Amino acid sequence: MFKLILKMAWKNSFVRPVRTLLVVLMIAISMGMMLGIEGLYDGMSQNMAEKNKRSDSGDISIFAKDYRINKELKFRIQNAAKIEEELQKNPQIRSLVLRLSADGLVSTARKSSFAQARGIDLDDEEAFGKFSEFLEEGELLLGDKNAIIGIELAKTLKVNVGSKVVFSTQDSSGEINSIALKISAIVQTSNIILDNNALFIDKKKMFAFLGVDAKDATQIAIASDDAKLLNILKTKYPTLDVKSFFELQPMMQMMEDMMVIFNSITFFIIMSVVFVGIFGVMYVSVLDRIREFGIMLAVGMEYKYIRLQIYFEAIFVGLIGFFSGSLLGLLLLIYLRDYGLDFSAFADALQSWGYETIIYGTIKLSYFTTTFLAIMSASVLSVIIPLRKIKNLNPIEVIKAEK
Amino acid sequence: MIRLQNVNKYFYKDEPREVHALVDINLIIEDGEFTLFSGPSGCGKTTLLNAIGALDTIDSGKIFLDELEISLLNEKERTRIRLNKMGFVFQAYNLVPVLSVEENIGFIMKLQGFSDAQIKERVQEVASLLKIDNKLQSLPNTLSGGQQQRVAVARAVASKPKIILADEPTANLDSKNSQTLIEMMLELNEKEGISVVFASHDELIKESVRRIVRLEDGMLV
Ligand SMILES: Nc1ncnc2c1ncn2[C@@H]1O[C@H](COP(=O)(O)OP(=O)(O)OP(=O)(O)O)[C@@H](O)[C@H]1O
Ligand SMILES: [Mg+2]
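Source: prediction; values computed, not measured. (Residues numbered from 1 in each chain as written. Chains lettered and ligands numbered in written order. Predicted model: local features only at pLDDT ≥ 70, side-chain atom pairs only at ≥ 80, totals over all residues. Heavy atoms only, no water.)

Novice: Go over the pattern of salt bridges, please, and point to the residues and values.
Specialist: Residues and elements named next belong to chain A. The full count for this structure, using the stated rule, is 35 salt bridges over all chains. We note a salt bridge from arginine 99 to aspartate 56, for which the minimum N-O separation is 3.6 Å. Remark: aspartate 56 occurs in helix H2 (residues 17-57) and arginine 99 occurs in strand S2 (residues 93-107); sequence separation between them is 43 residues. Comparing arginine 99 with aspartate 56, the two get one shared label, buried. Put simply, arginine 94 and aspartate 225 hold a salt bridge, and the shortest N to O gap is 2.8 Å. Placement of the pair is arginine 94 in strand S2 and aspartate 225 in the loop between strand S9 (219-224) and helix H8 (229-236), with a sequence separation of 131 residues. For the pair shown, arginine 94 and aspartate 225 are each scored as exposed. Connected through shared salt-bridge partners, Lys53, Asp59, Arg94 and Asp225 make up one network. (Salt bridge = Lys/Arg side-chain N within 4 Å of Asp/Glu carboxyl O. Helix = DSSP H or I, 4+ residues; strand = E, 2+ residues; numbered from the N terminus. Buried < 20%, exposed > 50% of the residue type's maximum accessible area, 1.4 Å probe, protein only.)

Novice: Talk me through the environment of A:Glu125; I want residue IDs and the actual numbers.
Specialist: Residue and element names in this part refer to chain A. Looking at the element boundaries, glutamate 125 is found in helix H4 (residues 122-129). Its relative accessible area of 1% is what places glutamate 125 among the buried residues. Taking C-alpha positions, glutamate 125 is 9.5 Å from aspartate 56, a pair spaced 69 residues apart along the chain. Non-local contacts of glutamate 125, meaning those with residues more than four positions away in its chain, are made with Val97, Arg99, Ile120, Lys130 and Phe131. (Contact = heavy atoms within 4.5 Å.)

Novice: Break down the domain arrangement of chain A for me, with residues and values.
Specialist: Considered domain by domain, chain A is made up of domain 1 (2-52 + 252-400) and domain 2 (60-224). For domain 1 of chain A versus domain 2 of chain A, the separation of C-alpha centres amounts to 50 Å. (Domains from an automatic or database assignment.)

Novice: Summarise the interface of chain A and chain B; cite the residues concerned and give the values.
Specialist: Contact with chain A, which involves 23 residues of that partner, is made by 25 residues of chain B. In this assembly, chain A packs against chain B so that about 2300 Å² is buried in total across both faces, 68% of it on carbon and sulfur atoms. Summed over the shared surface of chain A and chain B, the result is one salt bridge. We note a salt bridge from A:Lys7 to B:Glu103, for which the minimum N-O separation is 2.2 Å. Counting across the interface, chain A meets chain B through three residue pairs in polar contact (both at pLDDT 80 or more). Going through the elements one at a time, helix H1 (2-13), helix H11 (290-298) and helix H16 (395-400) of chain A are the ones with two or more residues in the side of chain A that touches chain B. (Buried area = accessible area lost by both parts, 1.4 Å probe. Polar contact = N/O pair within 3.5 Å; in protein donor to acceptor, adjacent residues only side chain to side chain.)

Novice: Summarise the sheet that holds strand S4 (residues 60-65) of chain B; cite the residues concerned and give the values.
Specialist: Residues and elements named next belong to chain B. Strand order in the open sheet made by the four strands is S2-S1-S4-S5, with antiparallel pairing throughout. Each edge of the open sheet is held by one strand with a lone partner, namely strand S2 (19-29) and strand S5 (68-69). Of the strands in this sheet, strand S1 (2-11), S2 and S4 are in contact with helix H1 (residues 45-52), which crosses S2 at around 55°. (Pairing = 2+ DSSP bridges. Axes fitted to C-alpha atoms, helices over the stretch in contact; angles between N-to-C directions.)

Novice: Outline the confidence of the model for chain B, supporting the account with residue identities and numerical values.
Specialist: If pLDDT is low for a region, its predicted coordinates should not be looked at in detail. Residue-level pLDDT values for chain B average 93, and 100% of them are 70 or greater. Reported for the predicted complex are a pTM of 0.82 and an ipTM of 0.93. (pLDDT = per-residue confidence, 0-100.)

Novice: Before we move on, could you go through the packing of aromatic side chains and cite the residues and values that matter?
Specialist: All names here are of chain A. Under the definition given, this model contains 17 aromatic pairs over all chains. Note on tryptophan 10 and phenylalanine 14: the rings are 5.0 Å apart at their centroids and 70° apart in plane angle, and the pair reads as edge-to-face. When its relative accessible area of 42% is taken as the criterion, tryptophan 10 is described as partly exposed. With a relative accessible area of 36%, phenylalanine 14 lands in the partly exposed category. On the numbers, 5.9 Å between centres and 10° between planes, the contact of phenylalanine 63 with tyrosine 67 is stacked. For the pair phenylalanine 63 and tyrosine 67, a shared accessibility class is recorded, and that class is buried. (Phe/Tyr/Trp six-rings, centres within 6.5 Å; stacked < 30°, edge-to-face > 60°.)

Novice: Could you give me a rundown of unusual backbone geometry, with the residues and numbers involved?
Specialist: Leaving glycine aside, a negative phi is the common case for residues, and trans is the common case for peptide bonds. All names here are of chain B. Here the phi dihedral of tyrosine 12 falls at roughly 50°; this positive angle occurs in a residue that is not glycine. For tyrosine 12, the position within the fold is in the loop between S1 and S2. The phi angle at aspartate 66 is positive, at roughly 50°, despite the residue not being glycine. Summarising the element assignment, aspartate 66 is placed in the loop between S4 and S5. Aspartate 66 sits in the partly exposed class, given a relative accessible area of 28%.

Novice: Which residues make up the nonpolar core, and what values go with them?
Specialist: Membership of the largest hydrophobic core comes to 83 residues, with the highest contact counts inside it found for A:Ile310, A:Ile390, B:Leu4, B:Phe37, B:Leu48, B:Ile52 and B:Phe107. At nine residues, helix H12 (residues 303-338) of chain A tops the list of elements feeding residues into this core. With near-sequence residues (within four places) excluded, B:Phe37 lies in contact with B:Leu27, B:Ile29, B:Lys45, B:Leu48, B:Leu49, B:Ile52, B:Val197, B:Phe198, B:Ala199, B:Ser200 and B:Val213. Membership of the second largest hydrophobic core comes to 37 residues, among which are B:Met109, B:Ala152, B:Ala166 and B:Ile194. (Core = buried A, V, L, I, M, F, W, Y, C linked by side-chain atoms within 4.5 Å.)

Novice: How would you sum up a nonpolar patch on the surface? Please name residues and give values.
Specialist: Residue and element names in this part refer to chain A. A surface patch of nonpolar side chains, about 490 Å² in accessible area, is lined by Met26, Phe275, Val276, Leu381, Ile384 and Ile385. Listed by contribution, the elements that provide at least two residues to the nonpolar patch are helix H10 (250-288) and helix H15 (384-391). Tracing the backbone through its elements, the reader meets methionine 26 in helix H2. Since its relative accessible area comes to 36%, methionine 26 is described here as partly exposed. (Patch = residues over 30% accessible without salt bridge, like charges linked within 9 Å, V, L, I, M, F, W, Y side chains within 5 Å. Areas by Shrake-Rupley, 256 points an atom, 1.4 Å probe, with all protein chains shown as cover.)

Novice: Provide a residue-level description of H2(A), including the pertinent values.
Specialist: For the α-helix, the turn length of 3.6 residues means that residues three or four positions removed from each other point alike. Here H2(A) spans 56 Å end to end across 41 residues, near enough to the 60 Å set by a 1.5 Å rise per residue. Where H2(A) terminates, the next one or two residues include A:Gly58, which has phi positive at roughly 65°. (Expected span 1.5 Å × (residues − 1).)

Novice: Can you lay out the site of ligand 1 for me, pointing to particular residues and giving the numbers?
Specialist: In the vicinity of ligand 1, 16 residues are found, and the nearest of them are B:Ser41, B:Gly42, B:Lys45, B:Thr46 and B:Thr47. Those residues lying near ligand 1 are distributed over chains A and B. Contact between ligand 1 and A:Glu397: a nitrogen atom at 3.2 Å from a side-chain N or O atom of the residue. Contact between ligand 1 and B:Thr47: an oxygen atom at 2.5 Å from a side-chain N or O atom of the residue. If ligand 1 stood free it would expose 630 Å²; the protein chains cover 75% of that surface. (Near = heavy atom within 4 Å.)

Novice: Requested: an account of the sheet that holds strand S10 (residues 219-220) of chain B, with residues and values cited.
Specialist: Adjacent strands of a sheet form backbone hydrogen bonds with each other and so pair up, either parallel or antiparallel. All names here are of chain B. Strand order in the open sheet made by the six strands is S6-S7-S8-S3-S9-S10, with mixed pairing throughout. The two strands at the open ends of the sheet, each matched to only one other strand, are strand S6 (86-89) and S10. Examined bridge by bridge, strand S7 (residues 163-167) and strand S8 (residues 195-199) share five bridges and lie parallel to one another. Bridging from a neighbouring strand, leucine 165 pairs with valine 197 of S8. Sheet strands in contact with helix H2 (residues 75-85) are S6 and S7, and its direction is about 85° off that of S6.

What follows is the structure, encoded as structure tokens:
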């Protein structure tokens, strides 16, 4: 019986092929578009998150208490080297990097700007976040007199590779000190804060310049995929400020939250399209076949079997739509993942937000599972009203109408 | 055996346009009988047939199918009785368009839960009696009107119901096809012993049947 009903439903889905095709197309196109946009948006925020992690915070960063509020040298992690040693034993940690930063003023003969001098070790940064990939211009060199500058800061100061700048800040004893530096490279990290403010200086030079013990650091950035690590470190170092990426970058958290909202909107748009589409075909199709159902009821078929048949019909149309949409969406997503979408027309606006001009999409299985659920539930919901037509059907009336 | 006792049926009861469609009908239809309901248009043939076939309810009186008082049944029970005890042939649009002739004939048996093998065998049997066994794989819309009605008869007969109710099954057919259908139904009535109740104002049919029940204004005459 079940098989027969399935067969009837399947065949009825194609009784009016053009009608069905239209709905399938409607579902497929809306779904494909939505998947594309979803993938692009996801890709954008993921890319941003990834660059932020690589260039700065990692998955977890450790600071001394109060450092993030008062970026003063006195709030530095004393004897960070010992913590580094401990952390290096943790197999959950992929890599880590220690930095010594100081806020100050960078100036040329003509211009000056706020800047953050970040004492780094290029080899460590390379291992931690492939620093070399950020290079825009020049050569990644951090000799005694070199500095690498963030792209936006370079623009603000109107400096180029080879230009000279002076950086002044308070050292650990409270004295204002300056160093003259030559720009060896310009980097673009897509991390707004770094691009706008960062002046990368050799770490050893920083220690000497600031009069800080070489064992100290202002930040320990950790790369790890272990979700439990954060709490472990928080309990292990209660006197320090252990923060996750999202805690440090509330905007990133916001983007993630937006993604959830965005996904629900997608879900509902697809659901509405499917609902309207299938409702339309099923309604017309049920009206078309009212006599057929009347006869079925008259000869003793129970209403529940007819209902089942209608549900199957709607689900078939929804499924075909889903598969066509998946195919379309997948092709679109693969294209977006491999070739990206060029937004250079809006490049300035995007870059100032830390986005790249070419945005690459991501593909996640969840896009398909959510839309699948959306389509299936819309299919089932869409036949409720058409079904009522049959439920209230009096076979006698229908049979009589034949004459 | 079907027994009707003082059956009354109204449409628009207690309204000015009230129609007293069946008036104190008393009637017995024996097993294996072939009965023709005849009378002018609007006399109540369809209404009577629908009442006997448990398609419609009545306002007073009793209808028995053997010992079962079918006029007392609710909607669901009537559906079950129709499925298991009655066969129906209507004027047109009897068949499920997306199913083959074979599946249409076996449809009721399938609903009743017969196995595929049983259905296949029985479908073959009735299809050859009705001379549509060469059309089993066709879809209904590729068949002529006469063939389609024969498929409908085959479907009604296949499940071996107590009674077949046919409401003007020949109305859309030419006289030759009508004749063939009647003859086949008579033959089936004899061979299978299934009662047939037939509503028609076709003069041709009157000559072929033994029992004619005449109705006029809802009354037996
Ligand atoms: N559903 C209905 N609602 C209201 N009145 C009805 C309904 N069905 C039948 N009637 C009325 O009941 C009476 C009997 O109708 P019925 O259809 O039984 O006649 P019939 O003998 O089958 O006619 P025909 O030969 O034209 O098919 C008629 O007066 C008809 O108008
Ligand atoms: Mg009639």
